[in-house]
Amino acid sequence: MKLTSKLPHVGTTIFTVMSKMALDYQAINLSQGFPNFPIDSVLSELLAKNSRENVHQYAPMAGLPALLEGISELVEKQYQRKVNPQTNVLVTAGATQAIFTTIQALVHPGDEVIILDPSYDCYEAPILLAGGRPVRIPLNEHFLPDWDFIEANVNSKTRLIITNNPHNPSGVIWKQNDIQSLEKTVENHPNLLVLSDEVYEYISFENKHLSAHSSEILRNKSIIVSSFGKTFHITGWKIGYLIAPEELMLEIKKVHQFLVFCVNSVAQATLAEYLKVIDVSTLGKFYQEKRDFFREGMKNSRFELLPCEGTYFQVASYSSISSENDINFTKRLITEFGVATIPLSVFNENGDDRKLIRFCFAKETETLTNAIDRLCKI
Ligand code: PMP
Ligand code: GLN
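Residues numbered from 1 in each chain as written. Chains lettered and ligands numbered in written order. Predicted model: local features only at pLDDT ≥ 70, side-chain atom pairs only at ≥ 80, totals over all residues. Heavy atoms only, no water.

A. Representation of the overall build of the protein chain within the structure. Along its length, the protein chain carries 14 helices and 13 strands. Taken against the 2.2 N^0.38 rule, which gives 21 Å for 378 residues, the C-alpha radius of gyration of the protein chain at 21 Å falls within 12% of a compact globule. For the protein chain, the spread of C-alpha atoms along the principal axes amounts to about 55 × 55 × 55 Å. Counting only residues that meet the buried cut, the protein chain has 57% of its 378 residues in that class. Considering only contacts within the protein chain whose residues lie at least 6 apart along the sequence, 76% involve residues at least 24 apart. Carbon and sulfur atoms form 52% of the exposed surface of the protein chain, whose accessible area is close to 16,700 Å². Of the side-chain charges in the protein chain, 36 are positive and 43 negative, and the distance between the mean point of each set is 3 Å. (Helix = DSSP H or I, 4+ residues; strand = E, 2+ residues; numbered from the N terminus. Rg over C-alpha atoms; globule rule 2.2 N^0.38 Å. Buried < 20%, exposed > 50% of the residue type's maximum accessible area, 1.4 Å probe, protein only. Contact = heavy atoms within 4.5 Å. Areas by Shrake-Rupley, 256 points an atom, 1.4 Å probe, with all protein chains shown as cover. Lys, Arg positive; Asp, Glu negative; His and termini not counted. Charge placed at Lys NZ, Arg CZ, Asp CG, Glu CD.)

See the structure below:
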């Protein structure tokens, strides 16, 4: 049998590769982005309670009504935006499924989709599978969008621009003028839609995260994606949601119902209750302490740390340590120094290598201390 791959250039993701290597070499894993501390005991108790209740069969396709309500209330509280729980909210199996589903629903063969590099790895494959053409545009040296360059690349075939703010991998967050520039771009091109990946929306530090939810112009043209995995330290639950105008949502739901139909009912029932008792606004401070601890410790290393304004990732340059490429360098960090990280080149078109690596600091203090110890010996 001759099998023609639909994704000939796609291999195993860097997160799988690095986390496996970390395990194989017993390295401290600061690569894949997940917390290594226990979840909130209130959440685990709610999960145990819900597991004994009658919530084990299919949930309604778009989500449990109580969770849809809870999400609407959260969005109104955080962003002063009223969304209709029945028509504007969809519970998904993580942000990954929200993104995949949106792209399958909205991108037609031949459509162009703008991606800003370095870009998170789950954007390109669904565009290719939909027959679309990814147009990869580099962010500027501060990891912010170059709006003139973007504007110059939008044409009548451009269907979507995928934005990610706060940004993985750089940890940079958008300024007010970025929101305004995106508003202008959207106004200049009536057929252009925005897929706004905001999974780190509650993890910002000195400056507040600016959401597409808060812009009257953007919210009517955007599919905005959130992840409970990131917000509640439960990446393995694979649950998140998207918010979209009704007209777009009708198309997105058509795909969702045949991709998953509905999402884990016990997780939904649990999160509906948890949303009533949790205050998401404390998350920034929680991670800011971890960021500060990690940065302070790394002052004694030869790595040069870039600014980190949000997310739980710290990017560093190793150019004063080595001139080897970032993939080889990160592999050697694992095998020789026992710390796993992520090379940034994998997020760029053609593997553009700028001697930058990413550390995940969503870890217990002891893990960070041990990692800092090892990294300062390099
Ligand atoms: N977008 C970005 C920028 C991410 O870092 C991640 C990883 N959490 C995702 C999407 C996927 O999120 P989820 O685990 O909820 O699918
Ligand atoms: N979002 C996580 C990261 O950036 C990875 C999740 C995954 O492995 N797909 O590290």
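B. Region of interest: the sheet that holds strand 7 (residues 222-227). Spatially, 2-8-7-6-5-3-4 is the arrangement adopted by the 7 strands of the open sheet, whose pairing is mixed. The open sheet has two free edges, formed respectively by strand 2 (89-92) and strand 4 (133-138), since each of these has just one partner strand. Shown here is a sheet whose adjacent strand axes are inclined to one another by a mean of 20 degrees, direction ignored. With respect to the sheet, helix 3 (residues 65-79) is in contact with strand 2 and strand 8 (240-243), its orientation differing from that of strand 2 by roughly 115 degrees. Sheet strands touched by helix 10 (residues 246-259): strand 2, strand 6 (193-197), strand 7 and strand 8. Its angle to strand 2, the strand with the most contacts, is close to 25 degrees. (Pairing = 2+ DSSP bridges. Axes fitted to C-alpha atoms, helices over the stretch in contact; angles between N-to-C directions.)

C. Broad picture of the pairing of strand 2. Residues Val-89 and Val-91 line one face of strand 2 and the alternating positions Leu-90 and Thr-92 line the opposite face, and both faces are buried. Sheet topology places strand 2 next to strand 8; 4 bridges connect them, and they run antiparallel. Across the sheet, Thr-92 pairs through a bridge with Gly-240, a residue of strand 8.

D. Broad picture of the site of ligand 1. Gly-94, Ala-95, Thr-96, Tyr-120, Asn-164, Asn-168, Asp-197, Val-199, Tyr-200, Ser-227, Lys-230 and Lys-238 make up every residue found near ligand 1. The side chain of Asp-197 places a nitrogen or oxygen atom 2.5 Å from a nitrogen atom of ligand 1. Side-chain polar atom of Ser-227 to an oxygen atom of ligand 1: 2.7 Å apart, as the coordinates give it. In isolation ligand 1 offers 390 Å² of accessible surface; the protein chains occlude 94% of this area. For the shell around ligand 1, the element with the most residues is helix 4 (residues 94-106), which contributes 3 residues. Of the residues that constitute the shell around ligand 1, the class distribution is 4 nonpolar, 5 polar and 3 charged. (Near = heavy atom within 4 Å. Polar contact = N/O pair within 3.5 Å; in protein donor to acceptor, adjacent residues only side chain to side chain. Nonpolar A, V, L, I, M, F, W, Y, C, P; charged D, E, K, R; others polar.)

E. Region of interest: helix 2 (residues 41-51). Among all positions of helix 2, only Leu-43, Leu-46 and Asn-50 are buried. The buried residues of helix 2 occupy an angular sector of 60 degrees when projected down its axis, which confines them to one face. Those residues of helix 2 that are buried lie in contact with helix 11 (265-277). Where helix 2 begins, the side chain of Asp-40 points an oxygen toward the backbone nitrogen of Val-42, at a separation of 3.1 Å. (Arc of directions from axis to C-beta.)

F. Geometry of the nonpolar core. Leu-67, Ile-71, Phe-228 and Phe-303 are the most contacted members of the largest nonpolar core, which totals 89 residues. Counting residues per element, this core draws most heavily on helix 11, which supplies 7 residues. In contact with Leu-67, other than residues within four places in its own chain, are Val-91, Phe-228, Ile-239, Gln-268, Leu-271, Ala-272 and Leu-275. In this structure, Ile-137, Ile-161, Val-194 and Val-315 belong to the second largest nonpolar core, which totals 35 residues. (Core = buried A, V, L, I, M, F, W, Y, C linked by side-chain atoms within 4.5 Å.)

G. Structural detail: the packing of helix 4 against helix 10. Two elements in contact, helix 4 and helix 10, have axes separated by 8 Å at closest approach and are oriented at 115 degrees. Between helix 4 and helix 10 lies a crossing of right-handed hand. Residues Gln-97, Phe-100, Thr-101, Thr-102, Gln-104, Ala-105 and Leu-106 of helix 4 form the contact with helix 10, whose participating residues are Leu-248, Glu-251, Ile-252, Val-255, His-256 and Leu-259. (Left-handed = near helix turned anticlockwise from the far one by under 90°.)

H. Highlighting the site of ligand 2. All residues in the neighbourhood of ligand 2 are listed as Phe-15, Gln-32, Gly-33, Tyr-120, Asn-168, Tyr-200, Lys-230, Phe-313 and Arg-358. Within the backbone of Gly-33, an N or O atom sits 2.6 Å from an oxygen atom of ligand 2. Within the side chain of Asn-168, one N or O atom sits 2.9 Å away from an oxygen atom of ligand 2. In isolation ligand 2 has 300 Å² of accessible area, and contact with the protein removes 78% of it. Within the shell around ligand 2, the residues separate by chemical class into 4 nonpolar, 3 polar and 2 charged.

I. The side chain of His-256, seen in detail. Mapped onto the elements of the fold, His-256 is located in helix 10. A residue is classified by how much of its surface remains accessible, and His-256, at 0% relative accessible area, is buried. If near-sequence neighbours (up to four positions away) are discounted, His-256 is found in contact with Met-61, Leu-90, Val-91, Thr-92, Gln-97, Thr-101, Phe-261, Cys-262 and Val-263.

J. Main features of the sheet that holds strand 9 (residues 304-305). Taken in spatial order, the 4 strands of this open sheet run 9-10-13-12, and their pairing is antiparallel. The open sheet has two free edges, formed respectively by strand 9 and strand 12 (342-343), since each of these has just one partner strand. Bridging between strand 9 and strand 10 (residues 313-317) involves 2 bridges; their strand directions are antiparallel. Following the sheet pairing, Leu-305 is matched in strand 10 by Ala-316.

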